Amino acid sequence: MRKFFILFLLLVFALVMRAENASNVRIRQEGKSIIITYDLSKRSVVRVLMSSNNSGYYTELKAVSGNVGKSVPAGKARKIV
């Protein structure tokens, strides 16, 4: 179940970031944390969305830290926890 959640979160993140010029999106789990690392080619608004089912309804994750939110600067190895 956990692997499906991580895979789904990665896919949602990749879809959101596709329009934001992100590349090299990677995801891994460390204990109870999920680490998303990506490269960003231009300053962008970065949001992480999640869905717990296939309803098409997405919720923005609020309890995240790192390179997420408004005006994230371009660069390699940006990280969201």
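Here the structure is shown first, and the text comes after it.
Residues numbered from 1 in each chain as written. Predicted model: local features only at pLDDT ≥ 70, side-chain atom pairs only at ≥ 80, totals over all residues. Heavy atoms only, no water.

A. Representation of unusual backbone geometry. Despite not being glycine, Ser-71 shows a phi value in the positive range, around 55°. Here Ser-71 lies in strand E6 (residues 69–72). The exposure class assigned to Ser-71 is partly exposed, which follows from its relative accessible area of 42%. In this model, Ala-77 sits at a positive phi of 55°, which is unusual for a non-glycine residue. Along the polypeptide, Ala-77 turns up in strand E7 (residues 75–80). Judged by its relative accessible area of 48%, Ala-77 is partly exposed. (Helix = DSSP H or I, 4+ residues; strand = E, 2+ residues; numbered from the N terminus. Buried < 20%, exposed > 50% of the residue type's maximum accessible area, 1.4 Å probe, protein only.)

B. Main features of the environment of Ser-44. Along the polypeptide, Ser-44 turns up in strand E3 (residues 44–46). By relative accessible area, Ser-44 is classed as buried at 4%. Considering only alpha carbons, one finds Ser-44 and Ala-22, 22 residues apart in sequence, at a separation of 9.3 Å.

C. Broad picture of the sheet that holds strand E2 (residues 33–40). The sheet built from three strands is open, its strands ordered E1-E2-E7 with antiparallel pairing. Lying at the two open borders of the sheet, with one neighbouring strand each, are strand E1 (22–30) and E7. Going across the sheet, the axis of each strand differs from the next one's by a mean of 20°, ignoring polarity. With four bridges joining them, E2 and E7 adopt antiparallel strand pairing. Its bridge partner lying in E7, Leu-40 is registered against Gly-75. (Pairing = 2+ DSSP bridges. Axes fitted to C-alpha atoms, helices over the stretch in contact; angles between N-to-C directions.)

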